[in-house]
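Chain by chain, the residues:
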Amino acid sequence: MIITIDTNKPDAGPFTTDAEYVQFVMSNAAVSYQSQYKTDTADEGITAAREAYNASVPQETIAE
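Predicted model only: the values in this text are computed from it and were never measured.

*Asks:* Before we go on, may I ask you to explain the overall build of the protein in this structure?
*Replies:* Across its full length, the protein holds 3 helices and 0 strands. Tracing the protein from N to C terminus, the helices and strands come up as α-α-α. Against the 2.2 N^0.38 benchmark of 11 Å for 64 residues, the protein shows a C-alpha radius of gyration of 14 Å, more extended than a compact globule. Projected onto the principal axes, the alpha-carbon positions of the protein cover approximately 40 × 30 × 15 Å. Taking contacts inside the protein between residues at least 6 apart in sequence as the whole, the part at least 24 apart equals 10%. Total accessible area on the protein stands at roughly 5,000 Å², and carbon and sulfur atoms take up 53% of it.

Cut-offs and rules
Residues numbered from 1 in each chain as written. Predicted model: local features only at pLDDT ≥ 70, side-chain atom pairs only at ≥ 80, totals over all residues. Heavy atoms only, no water. Helix = DSSP H or I, 4+ residues; strand = E, 2+ residues; numbered from the N terminus. Rg over C-alpha atoms; globule rule 2.2 N^0.38 Å. Contact = heavy atoms within 4.5 Å. Areas by Shrake-Rupley, 256 points an atom, 1.4 Å probe, with all protein chains shown as cover.

Quick look at the structure:
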């Protein structure tokens, strides 16, 4: 499944496929991350969220 992030105005459904629903959820998450991490773009927000998550993972888990 390929997800395309659409931060302009994600379609609020109804959805006929799982892929459409996942795209909706991910697009809204990207907008939320952009706001939460105060980034210029949704892509930068996703990166900031990933980096914050990775920083919270115990190092021994990462090494495995």
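Moving on from the coordinates now.
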